[in-house]
Amino acid sequence: MATVITLKIKDQEGNVKKENHEVEEIDVLQFKQLMKTIKEIMAKVNENDDLKVLFGSLTNGQGLEDEDAADQDVITKAIASFDMLAVELPDQAFKLLSILSGVELDVMERQKLKDVMDIYDAVLEENDMDDLINRAKKSLALTQTKFKFKNFMEKVKTTTEKPKTKAAAK
């Protein structure tokens, strides 16, 4: 069941109207757009050495022995890549939220921050991300297994078939 959020939309004359919007579980088109945007984000991260190191240290748990040093390292790297974090990634984050919620990006950007957080909460409520990720992993593992088995059977078939000779064909 969809989660209903209220958007405040201001027209050119400055009049504000409230419009209800239903946030639903993502569909295939949204998923495709999401993956494309994530790829764009990763490309931007990979273009910026400081940001690449920052994300690498956040995801692989470097420096966990000395928590203060790890925090300082993250702060230093974040400052070094501030322009990318402050300008590029928020735009991409709002684009992702727009894709997942179905709220047009220009409409979302005109909302109050609290209302945007309500949109974010609705997306999380409607889409169990852990479940979606685990389901995708399960499907990919099943696909890999099927292809491996199919390739194995083709190899078995090829090696067990006796080659036809001209003499046997006559």
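Residues numbered from 1 in each chain as written. Predicted model: local features only at pLDDT ≥ 70, side-chain atom pairs only at ≥ 80, totals over all residues. Heavy atoms only, no water.

**Student:** What is the right way to look at the overall build of the protein in this model?
**Tutor:** Broken down by element type, the protein carries 8 helices and 2 strands. Order of helices (α) and strands (β) in the protein, N terminus to C terminus: β-β-α-α-α-α-α-α-α-α. Taking all 170 residues of the protein together, 22% fall into the buried category. The contacts of the protein with a sequence gap of at least 6 include a subset with a gap of at least 24, amounting to 54%. Total accessible area computed for the protein in this model is approximately 13300 Å², and 57% of it derives from carbon and sulfur atoms. (Helix = DSSP H or I, 4+ residues; strand = E, 2+ residues; numbered from the N terminus. Buried < 20%, exposed > 50% of the residue type's maximum accessible area, 1.4 Å probe, protein only. Contact = heavy atoms within 4.5 Å. Areas by Shrake-Rupley, 256 points an atom, 1.4 Å probe, with all protein chains shown as cover.)

**Student:** Sorry if this is basic, but what is going on with helix α6 (residues 113–126) here?
**Tutor:** Structurally, the α-helix is built with 3.6 residues per turn, so residues lying three or four positions apart point the same way. Between its first and last C-alpha, α6 extends 20 Å over 14 residues, near the 20 Å set by a 1.5 Å rise per residue. Along α6, the residues that are buried comprise Asp 115, Val 116, Ile 119, Ala 122, Val 123 and Glu 126. One side of α6 carries all its buried residues, which in axial view fall inside an arc of 110 degrees. Summarising the geometry of α6, the exposed residues directed more than 90 degrees from the buried face are Leu 113, Lys 114 and Glu 125. (Expected span 1.5 Å × (residues − 1). Arc of directions from axis to C-beta.)

**Student:** Teacher, can you tell me more about the nonpolar core here?
**Tutor:** General note: in soluble globular proteins, nonpolar side chains tend to be found buried as a group. Counting 20 residues, the largest nonpolar core has Ile 5, Leu 7, Leu 97, Val 103, Met 108 and Ile 119 as the members making the most contacts within it. Of all the secondary structure elements, the ones that give two or more residues to this core are β1 (3–10), α1 (28–47), α4 (82–101), α5 (105–108) and α6. Counting residues per element, this core draws most heavily on α4, at 5 residues. Every residue in contact with Ile 5, bar those within four places of it in the chain, is listed here: Glu 19, Asn 20, His 21, Val 23, Val 103, Asp 118, Ile 119 and Ala 122. (Core = buried A, V, L, I, M, F, W, Y, C linked by side-chain atoms within 4.5 Å.)

**Student:** Is there a simple way to explain the pattern of salt bridges in this structure?
**Tutor:** Oppositely charged side chains can form a pair if their charged atoms are brought close together. Counted under the stated rule, the structure contains 3 salt bridges. Salt-bridge contacts for Glu 19 lead to Lys 17; the nearest nitrogen and oxygen are separated by 3.8 Å. Here Glu 19 falls in the partly exposed class, since its relative accessible area comes to 34%. Here Glu 40 ties to Lys 95 by a salt bridge, and the two come within 3.2 Å at their closest N and O atoms. You can see Glu 40 sitting in helix α1 and its partner Lys 95 sitting in helix α4, a full 55 residues away along the chain. On the accessibility criterion, Lys 95 (30% relative accessible area) is partly exposed. (Salt bridge = Lys/Arg side-chain N within 4 Å of Asp/Glu carboxyl O.)

**Student:** Looking at this structure, how should I read the side chain of Gln 111?
**Tutor:** Residue placement: Gln 111 occurs in the loop between α5 and α6. From its side chain, Gln 111 meets the backbone oxygen of Lys 8 in a polar contact 2.8 Å long. At 3.1 Å, the side chain of Gln 111 and the backbone oxygen of Val 107 are in polar contact. Once residues lying within four places of it in the same chain are set aside, the contact partners of Gln 111 are Leu 7, Lys 8 and Val 116. (Polar contact = N/O pair within 3.5 Å; in protein donor to acceptor, adjacent residues only side chain to side chain.)

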